[in-house]
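Structural features, examined
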Amino acid sequence: MMTEPEQGDSRRGAMVGLIIAAVLLAFGLWLARDLSAASKMQDCLMSGRTNCNVIEPAR
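Here we summarise the structure given alongside this text. The structure displayed is predicted, hence computed values, not measured ones. Going along each chain's sequence as written, the residues are numbered from 1 onward. In view of the model being predicted, local features appear only for residues whose pLDDT reaches at least 70, and side-chain atom pairs are presented and counted only at 80 or more, with totals across whole chains, interfaces and linings using the full set of residues. For the side-chain quantities, the full set of heavy atoms in the structure was used; hydrogens and water were omitted.

A short note on the overall build of the chain
- Strands here mean DSSP runs of E at least two residues long; helices mean DSSP runs of H or I at least four residues long; both are numbered from the N terminus. Regarding its fold elements, the chain presents one helix and zero strands.
- Burial status follows relative accessibility: with a 1.4 Å probe on protein chains alone, a residue under 20% of its type maximum counts as buried, one over 50% as exposed, and anything between as partly exposed. A burial count over the chain gives 3% of its 59 residues as buried.

Below, the structure written as structure tokens:
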């Protein structure tokens, strides 16, 4: 006979799934930002410019 899973097991699986989803989302956002920056740098270099460094404003 099959027994019902305990409530704690169900919650633990849901929490593990949520943590994995959050890690994948964070990795995806980081990867998208990094690829976007690399694309902008390549566009700048392909247009023949020589000073493609990002200048950040002083705080």
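Quick word on the packing of aromatic side chains
- Put simply, two rings from Phe, Tyr or Trp (the six-membered ring, in Trp's case) pair if the centres are within 6.5 Å, and we call them stacked under 30 degrees between planes, edge-to-face over 60, tilted for the rest. A complete count under the given rule lists one aromatic pair for this structure.
- Consider the rings of phenylalanine 27 and tryptophan 30, whose centres lie 5.7 Å apart with planes at 35°: the pair is tilted. Taken together, the residues span about one helical turn, with phenylalanine 27 and tryptophan 30 both in helix H1 (residues 7–46) at a distance of three residues.
- Given the relative accessible area of 47%, phenylalanine 27 is considered partly exposed.
- By relative accessible area, tryptophan 30 is classed as partly exposed at 43%.

Structural notes on the state of the cysteines
- Any two cysteine sulfur atoms within 2.5 Å of one another count as a disulfide. By the definition in use, this model includes one disulfide.
- Sulfur-sulfur distance for the disulfide between cysteine 44 and cysteine 52 comes to 2.0 Å. What sets the handedness of the cysteine 44 and cysteine 52 disulfide is the S-S torsion sign, and at about -85° it is left-handed. Of the two residues, cysteine 44 and cysteine 52, both sit in the buried class.

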